[in-house]
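What follows is each chain in one-letter form.
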Amino acid sequence: IKHPLQNTWTFWYYAPDRQKTWEESQRQISSFDTVEDFWALYNHIIFASELKQGCDYSMFKKGIRPMWEDDANKQGGRWLMHLEKKQRSCDLDRLWLEILLCMIGEAFDDYSDDVCGAVVNIRTKGDKLAAWTADATKSQSVMEIGRKLKDRLGINQRQTIGYQVHKDTMEKAGSITKNTYQV
Ligand code: M7G
């Protein structure tokens, strides 16, 4: 018998395509609800570090699309980690896997219900990892999720990570979105 997960999760892949909108370019890979099926999928797909520039992987709870517009995300935001270019080869895959394991293992205790999913962006200017949560106004939940994430990813205590509200990201004119929280 396989080991059931608390939630069913869907894995997504995004590749830029000039013939399509951003939303149309998000493709579901598959869904799973057991530990064994997670590893079967994980072992079947290429590492995040091997994706082409501009591509993303996401993993969200089933029924939540990996976009701001989804009902589950529209009041939410994300803990965002900017990686240095050189970290793609040494850290990215390890950190991405750790975020995935935090998600499927419900590592955020009482706050796991507030978690929507995780995203990795492969970008020339520096890759990004994010954990998306459902409600940016739930400060205690957001902060606990941020602290746990920082701890599990082994981020240096002296380094801070920021939480950005999707509405701010959506409306940003320049390239910088303000941090609403940080840990
Ligand atoms: P990005 O891929 O999050 O980061 O956003 P990047 O700037 O490092 O590449 C790039 C662009 O993708 C945004 O400016 C939007 O046009 C589009 N985009 C990204 N996200 C997360 C969304 C989303 O949730 N919904 C929609 N409609 N567009 C998005």
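Every value quoted in this text rests on a predicted model; they were computed, and no experiment measured them. (Residues numbered from 1 in each chain as written. Predicted model: local features only at pLDDT ≥ 70, side-chain atom pairs only at ≥ 80, totals over all residues. Heavy atoms only, no water.)

Enquirer: So, the environment of Asn121: which residues are in play, and what are the values?
Expert: Positionally, Asn121 belongs in strand β5 (residues 115-121). Taking the relative accessible area as the measure of exposure, Asn121 reaches 9% and is therefore buried. Discounting residues that sit within four places of it in the chain, Asn121 has contacts with Cys55, Asp56, Arg78, Asp127 and Lys128. For Asn121, the side chain forms a polar contact with the side chain of Asp56, separated by 2.9 Å. (Helix = DSSP H or I, 4+ residues; strand = E, 2+ residues; numbered from the N terminus. Buried < 20%, exposed > 50% of the residue type's maximum accessible area, 1.4 Å probe, protein only. Contact = heavy atoms within 4.5 Å. Polar contact = N/O pair within 3.5 Å; in protein donor to acceptor, adjacent residues only side chain to side chain.)

Enquirer: Let's hear about helix α4 (residues 139-152): which residues, and what values?
Expert: With 14 residues, α4 extends 20 Å from end C-alpha to end C-alpha; this agrees with the ideal 20 Å at 1.5 Å per step. All buried positions along α4 are accounted for by Ser141, Val142, Met143, Ile145, Gly146, Leu149 and Lys150. (Expected span 1.5 Å × (residues − 1).)

Enquirer: Give me the lowdown on the side chain of Gln26, citing residues and values where you can.
Expert: Secondary-structure assignment places Gln26 in strand β2 (residues 26-34). Setting aside residues up to four positions removed in sequence, Gln26 forms contacts with Trp12, Tyr13, Tyr14, Asp56, Ser58, Pro66 and Met67.

Enquirer: Tell me about the packing of aromatic side chains, residues and numbers included.
Expert: Counted according to the given criterion, the structure contains twelve aromatic pairs. Centre to centre, the rings of Phe60 and Trp132 are 5.3 Å apart; their planes meet at 90°, and the pair counts as edge-to-face. Of this pair, Phe60 sits in strand β3 (residues 56-61) while Trp132 sits in strand β6 (residues 128-133), and the two are 72 residues apart along the sequence. Neither Phe60 nor Trp132 differs from the other in exposure class; each is buried. A connected cluster of aromatic rings, assembled from ring pairs, spans Phe32, Phe38, Trp39, Tyr42 and Phe47. (Phe/Tyr/Trp six-rings, centres within 6.5 Å; stacked < 30°, edge-to-face > 60°.)

Enquirer: Give a description of the pattern of salt bridges that names residues and reports values.
Expert: Using the criterion set out here, one finds twelve salt bridges in the structure. In this structure, Asp91 and Arg94 form a salt bridge, with 2.9 Å as the shortest nitrogen-oxygen distance. One salt bridge in this structure joins Arg152 and Glu98, with 2.8 Å as the shortest N-O distance. In this pair, Arg152 sits in helix α4 while Glu98 sits in helix α3 (residues 92-104), placing the two residues 54 residues apart along the sequence. Judged by relative accessible area, which is 32%, Arg152 ranks as partly exposed. According to the relative accessible area criterion, Glu98 is partly exposed, its value standing at 22%. (Salt bridge = Lys/Arg side-chain N within 4 Å of Asp/Glu carboxyl O.)

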